Amino acid sequence: MRNKADLTDMSRMWGHLSEGYGKLCSIYLKLLITKMEFHIKNPRFPGNLQMSNRQLDEVGENDVNNFFQMTVEMFDYLECELNLFLAVFSSLDMSRSVSVTAAGQCRLAPLIQVILDSSHLYDYTVKLLFKLHSCLPADTLQGHRDRFQEQFKKLKSLFYRSSNLQYFKRLIQIPQLPENPPNFLRASALSEHISPVVVIPAESSSPESEHVVETEDLVDTDIPPQAAVETRFDDLFGAATDPFNFNSQNGMRKDDKDRLIEQLTAEIQTLKEELETFRLESGRLCQALRGRVNELEAELAEQSHLKQQALGESEFLRAELDDLRRVKEDTEKEQRSLTEIERKAQANEQRYTKLKEKYTELVQSHADLLRKNAEVTRQMTVARAAQDEVESVRREMQEKVKAAQDASEQQEKAQLEQLQALQAELHSSRTELDILKTSMLSSQQSGEELSAQLSALESEKAELVESVCKKEAELASIGEELERVQNSLTSERESGVKAAEALQNQLNEKESREQQLESQLEALRWGALQGALEEACRIIQDSLGQLDDPAHISCTSSADYLLFRCQAAVECVERLQTARDGFQADSAGVSQLVQAVTQFAHLIGDTIVQGSATSHMVPVDQADVLCSSVKACGAEALALLAQLQDREALATADSSKLKEVLEGIKATAEKLRPRGLELQQGELGDLVEQEMAAASQAVESAAARIEEMLNKSRAVDTGIKMEVNERILGSCTDLMEAIKVLVLSSKDLQRDIVESGRGAASMKEFYAKNSRWTEGLISASKAVGWGATVLVDAADMVVQGKGKFEELMVCSHEIAASTAQLVAASKVKADKDSANLARLQQASRGVTQATAGVVASTKSGKSQIEETDTMDFSSSSMTLTQIKRQEMDAQVLVLELETRLQKERERLGELRKKHYELAGVAEGWGEEDEGTG
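Residues numbered from 1 in each chain as written. Predicted model: local features only at pLDDT ≥ 70, side-chain atom pairs only at ≥ 80, totals over all residues. Heavy atoms only, no water.

Colleague: Is there a simple way to explain the packing of helix 1 (residues 4–15) against helix 2 (residues 22–41) in this structure?
Modeller: Each pair of packed helices gets described by two things: the angle between the helix axes and the distance between those axes. Look at helix 1 against helix 2: their axes get within 7 Å of each other, and the N-to-C directions meet at 155°. In terms of orientation, helix 1 and helix 2 fall into the roughly antiparallel class. Helix-helix and strand crossings are classified by hand; for helix 1 and helix 2 the assignment is left-handed. Within the contact between the two elements, helix 1 uses Lys4, Leu7, Thr8, Met10, Ser11, Trp14 and Gly15 and helix 2 uses Gly22, Lys23, Cys25, Ser26, Leu29, Lys30, Ile33, Met36 and Glu37. Tallied by class, the residues present in the contact of helix 1 with helix 2 amount to seven nonpolar, five polar and four charged. (Axes fitted to C-alpha atoms, helices over the stretch in contact; angles between N-to-C directions. Helix = DSSP H or I, 4+ residues; strand = E, 2+ residues; numbered from the N terminus. Parallel < 35°, antiparallel > 145°, perpendicular 65-115°, else oblique. Left-handed = near helix turned anticlockwise from the far one by under 90°. Contact = heavy atoms within 4.5 Å. Nonpolar A, V, L, I, M, F, W, Y, C, P; charged D, E, K, R; others polar.)

Colleague: Help me understand unusual backbone geometry in this model?
Modeller: With the exception of glycine, most residues fall at negative phi, and the peptide bonds are largely trans. Unusually for a residue other than glycine, Leu49 sits at a positive phi of about 65°. Its location among the elements puts Leu49 in the loop between helix 2 and helix 3 (53–60). Given a relative accessible area of 0%, Leu49 falls into the buried group. (Buried < 20%, exposed > 50% of the residue type's maximum accessible area, 1.4 Å probe, protein only.)

Colleague: Mind showing me how you'd approach the side chain of Glu73 here?
Modeller: Locating Glu73 in the fold gives a position in helix 4 (residues 64–91). Comment: no salt bridge for buried Glu73; closest opposite-charge side chain is Lys41, at 4.4 Å. Within the structure, the side chain of Glu73 is placed 2.8 Å from the side chain of Asn42, a separation counted as a polar contact. Those residues in contact with Glu73 that lie beyond four places of it in its chain are Phe38, Lys41 and Asn42. (Lys, Arg positive; Asp, Glu negative; His and termini not counted. Salt bridge = Lys/Arg side-chain N within 4 Å of Asp/Glu carboxyl O. Polar contact = N/O pair within 3.5 Å; in protein donor to acceptor, adjacent residues only side chain to side chain.)

Colleague: How should I be thinking about helix 17 (residues 656–672) in this particular structure?
Modeller: Owing to its 3.6 residues per turn, the α-helix brings residues three or four apart onto one side. In this model, helix 17 (17 residues) spans 24 Å end to end at C-alpha, consistent with the 24 Å of a helix rising 1.5 Å per residue. Of the positions making up helix 17, those classed as buried are Leu658, Val661, Leu662, Ile665, Lys666, Thr668, Ala669 and Leu672. All buried residues of helix 17 project into a common sector of 165° when viewed along the axis, lining one side. More than 90 degrees from the buried face of helix 17, the exposed residues found are Lys657, Glu660 and Lys671. (Expected span 1.5 Å × (residues − 1). Arc of directions from axis to C-beta.)

Colleague: Looking at this model, I keep getting lost on the pattern of salt bridges. Mind explaining?
Modeller: A side chain of one charge can pair with a side chain of the opposite charge when the charged atoms of the two come close. Under the defined criterion, the tally for this structure stands at 19 salt bridges. With a closest N to O distance of 3.2 Å, Arg279 and Glu276 form a salt bridge. Here Arg279 and its partner Glu276 are both found in helix 11 (residues 256–414), three residues apart, which amounts to about one turn of the helix. The salt bridge partner of Arg343 is Glu340, with a shortest N-O separation of 1.8 Å. In this pair, Arg343 and Glu340 both sit in helix 11, three residues apart, roughly one turn of the helix.

Don't take any of this as a statement about function, it's just geometry.
Dropping the structure here:
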């Protein structure tokens, strides 16, 4: 590669020649450089690129990354070959037989090696793409397929055109590619692929040598060599008539048969030579075909090996898939078992809660029964005490009866005298005794009742005691069942803990697997970023390479566009820094960084190209400064991308130098801008503000005047006239309010347009840059202010009775047209999704409705006024002749008015044409037409 720099300089030198062999030499030298770089990167490839499938696999080391990179390099190599092909054919005049001329053969001679290399590169590219599609997803290789499709079409067309040239027919046998490219998405399509074979004849002479053959070396095939010898012998020793003649036997001349025999002998010798040539050619072809057959057999064996390997891998993957399915099923079973255990545990807990509640109820009922038993016992004690008291009372009464009987007997014995008195007392005592007997009987009955109650209470007590025993037995059984449930719950909890531990282990394994996947994802993100950065470097290097391309000299650009692209590049650098900071904070933001890098590369490359194109339009000194600035910009951009490619230098990547270079390019572009815009930008910007303020002021003053006229009409007019004036002036007031809203909405929208479109420029610079649009705004603002003033004047004349209703309607239509012009001028540069644009359109509809209201109120007022002035012929005393006379006068007046109406319409058309011409002159339309003409 020590001669690479010399070849590069030589290519650049030849590239400056846009005609003749300069461009061809430059492209051929670039092809040599590309070929050298390819063989340095892939030293196992021989110079003629002839390799077997096994050698190709050994070069790639069965690594998909190596195959991927090798395919890209082959694409680049084949692209250079095709560029030389196209350049040679584009330089030839195909309408003449250029392949037989010295100049044409000089240009076609290098293509022989190009055809040989292209056929090998095409074959290897097809095989590598099939290998890549067997290892990588189809979406990843979409770019490879698109690039292959493009190169396939070019190569097929170039092979077909080359095979028709006379120059190549004797030197090389060019293969023909298939009609359609291979389908890489179908693996079996590889068996349908036929490698193109380029055949070079063993003895091939250049067509140039055929034209250099001297005439003295030509041999006449019609005359045998012996005839020439005989002719020379006759010249030396005499003619055939001489007696001393050795050419004929017995002094006689050869007859026709001898000459025919000699001619046939010569033809047989020639045919033998051709047959030997064909035999050698067929032997060589057979040898080549045997080599091809061996190569195909080796390739078939390799494919069989790959098939076996693929089957083994598929079996391994299928086994791994089965294992994963079993693991998934086990996990699902464990999950279901865990769910079932949790459900059972929950059911047991609910059951335990219910049993606990039931146990509490039983304890409560037992306590109630105990309390009830105590109450019954207390009642029984009270009943027994009452029975004892009854017994004591009965005994006391019996004792009293006995005492009374004893006393009566004693008194009967002791006091016989007092028998009468005692009889009376006895009678009273007997009554008392009866009372006591009845009380005793009642006491006995109550005692019997108490005995019955006591027996009932005893039986109830026995029942309660029996129920308490049953409850205690049931409580004991419930306690045993509760203990069993607790034991089962404990065992289930232990099994649940074991299952939870197993699931926790699986969860830990999944977390470790997720960490591995996260690390792989991080590596893929970094790889995607590296790919984007490498592609960005290639884009910028390509832009820098275009600076030295002779074809780029004809490209031109303006300083304004360079300033615009440079400003966009500065903003993109800021976004790149922000995306870099976001990526450092969270690697998931790699997509934003990749987008920023892509946009950065395109904008920097565009700035470089536009800077170089702008330098073609400026003086030499400024062009040199601008070229050096854009080259420095490219160098700084490449340095920044190199820092971003390094993980350690990613955090410290500094873009300040690149910003300084871009600011320098902006300053240079600012100096190169035309100075005419700076002279008018202040005037246009101030004029826009002045006209918009004047329009607003005109609308405000018009609204104030209408309000003043309305107050005067209310003070002076009465009846229908006051009603008509109030309706007309009210609709005019509504129209002024709508126009005021429209003007404010237009200002807001213009402010949004200027802010979104001016970039770093000022508002006045934006107005100056868009001068046509600005002049349209000024014209529309003037029309709105003038229309408002004219409308108020017409309304004032109508209210005073001096004007016409038609003038007011015409002024309404005119001001509607002016506001429509203002809306159109405002929305021409607006964003369709802007909120201020929606408000402006709503305000425009409001103006349209208000205009319709003015017209409607004017027509209504006019009809009301005309109704009061309508002629009444019912009570008139005109004769038939007078009425006929007035009818004729009315017809004459109608004809005059129709004629006048037609003339006024023609005059209106001429006025509109004149207005259009004057407006065109004011806008500079004539100057533009002259410039384009």
